[in-house]
Amino acid sequence: MLAIVIPCYNEEEALPLSLPVLLSLLDEMTADGLVAASSYILCSNDGSRDATWAVLRRFHAADSRVHAISLAHNRGHQYALLAGLAEVAGQCDAAISIDADLQDDPRAMIEMVRLYRAGSDIVYGVRSSRKTDTMFKRTTAHAFYKFQRVMGLETVYDHADYRLMSNFALELLGQYRESNIFLRGIVPQIGLETSVVTYERAARVAGESKYPLAKMLALSIDGITSFSARPMRWIFFTGLITFLLTLVVAVYVLVSYFFSSHINPGWASMMLSVWGLGSLILISIGITGEYIGKIFVEVKARPRYAIKERI
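Residues numbered from 1 in each chain as written. Predicted model: local features only at pLDDT ≥ 70, side-chain atom pairs only at ≥ 80, totals over all residues. Heavy atoms only, no water.

Glancing now at the packing of aromatic side chains. Scanning all chains against the criterion turns up 1 aromatic pair. Its guanidinium or amino end placed over the ring of tyrosine 79, arginine 75 lies 4.3 Å from that ring's centre, counting from NZ or CZ. (Phe/Tyr/Trp six-rings, centres within 6.5 Å; stacked < 30°, edge-to-face > 60°. Lys NZ or Arg CZ within 6 Å of the ring centre and 35° of its normal.)

So this is what it looks like as structure tokens:
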């Protein structure tokens, strides 16, 4: 039994196009004996402000394989996806998560299911290329992945949240109770037998991207600060290097003071020190604040989301 999990936020335009495609794909896989006839789709509505919930109700009335949950308010893509995966855990043999825009090739699910039946508990959908992206997005995306690796974050290159997880993997995912969610970092830590399926990414079927540059940057920062203490360690080494540079500046100041009559004593060293140390202090406070803020959220142990309705 396969469950297809779709996080949804303001997808009233995309769902009428994507749900028929996924239902047809379920029919095809059922006819080929890959999945059971009881396989279904679960949409996780992330507090949408448009008619997304009404669209889901209409599809559920027409086809009982379309299930849905609605979060009480908007919590973000990662929480909506986690809520959907938690909802299907124990109610399927495997679950595949995919976005409603179908930029990720849904036909890659066929190979994912085959690899699952061959013994893989987690199958990652990985883009074979980024030729559909703009040069700016392609460059920044690759920079994010490399930066995450440098910061000690284990992620799958060119993989977003298109993946298959066995029910066993879903149960293990449920044991990760942190409030700061970055599934692309959590899932690789689960371990188990993994495989990769590559595919070409297409344009959105409808609507606008829910991950502009600002959100991508915020997601990357959340992932790094949730899984690695390396930035804190870098602060220490940066401070050590700054101390050594300070010794060099001290030598320069003393030499200028005793042997040069053409330099206004103290001006250059003062300006460099104020701007350099001021920037370093602000950056260090900001990085430290990120970690303190996450500790603040975690220790309160509030519910990560609330489900107000199910169909």
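Following the structure, the description resumes.
With that settled, consider the pairing of strand E4 (residues 94-97). The alternating pattern of E4 places Ala94 and Ile96 on one face and Ala95 and Ser97 on the opposite face, and all of these are buried. Bridging between strand E1 (residues 2-8) and E4 involves 4 bridges; their strand directions are parallel. Note on E4: the bridge partner recorded for valine 5 is serine 97. Pairing analysis gives 4 bridges linking E4 to strand E6 (residues 159-166), with the strands arranged antiparallel. Bridge pairing in E6 places alanine 94 opposite serine 166. (Buried < 20%, exposed > 50% of the residue type's maximum accessible area, 1.4 Å probe, protein only. Helix = DSSP H or I, 4+ residues; strand = E, 2+ residues; numbered from the N terminus. Pairing = 2+ DSSP bridges.)

Mapped onto the secondary structure, alanine 202 falls in the loop between strand E7 (194-199) and helix H8 (213-227). Using a relative accessible area of 38% as the deciding quantity, one classes alanine 202 as partly exposed. Counting along the chain gives 99 residues from alanine 202 to glutamine 103, while the straight-line C-alpha distance between them is 4.7 Å.

With that settled, consider the packing of helix H1 (residues 15-31) against helix H2 (residues 52-62). In contact at an axis separation of 11 Å, H1 and H2 are set at 35° when each is read in the N-to-C sense. Like other packed secondary-structure pairs, H1 and H2 cross with a definite hand, here right-handed. Residues Leu15, Pro16, Leu19 and Pro20 of H1 pack against Thr52, Val55, Leu56 and Phe59 of H2. (Axes fitted to C-alpha atoms, helices over the stretch in contact; angles between N-to-C directions. Left-handed = near helix turned anticlockwise from the far one by under 90°. Contact = heavy atoms within 4.5 Å.)

Looking now at the pattern of salt bridges. By the definition in use, this model includes 7 salt bridges. Two residues, arginine 65 and aspartate 27, come together in a salt bridge whose shortest N-O distance is 2.7 Å. With arginine 65 in the loop between H2 and strand E3 (66-71) and aspartate 27 in helix H1, the pair connects residues that are 38 residues apart, well separated along the chain. On the accessibility criterion, arginine 65 (18% relative accessible area) is buried. Across the pair aspartate 161 and arginine 163 runs a salt bridge, and its minimum N-O distance is 2.8 Å. When salt bridges that share partners are traced, they join Asp27, Asp63 and Arg65 into one network. (Salt bridge = Lys/Arg side-chain N within 4 Å of Asp/Glu carboxyl O.)

Residues spaced three or four apart along an α-helix point in a common direction, a consequence of the helix completing one turn every 3.6 residues. Within the sequence span of helix H4 (residues 108-117), burial applies to Ala108, Met109, Ile110, Met112, Val113 and Leu115. Contact partners of the buried residues in H4: E1, H1, E4, strand E5 (122-127), E6 and E7. Looking one or two residues beyond H4, the residue adopting positive phi is glycine 119, at roughly 125°.

This next bit is on the packing of H1 against H4. When two helices pack together, their arrangement is captured by the angle between the axes and the distance separating the axes. The geometry of H1 relative to H4 is characterised by a closest axis approach of 10 Å and an angle of 40° between their N-to-C directions. With respect to H4, the axis of H1 lies oblique. H4 is crossed by H1, and the crossing has right-handed handedness. Judged by residue contacts, Leu22, Leu25, Glu28 and Met29 of H1 engage Met109, Ile110 and Val113 from H4. Considering only residue class, the contact of H1 with H4 consists of 6 nonpolar, no polar and 1 charged. (Parallel < 35°, antiparallel > 145°, perpendicular 65-115°, else oblique. Nonpolar A, V, L, I, M, F, W, Y, C, P; charged D, E, K, R; others polar.)

The values reported here are purely geometric and, on their own, carry no functional implication.
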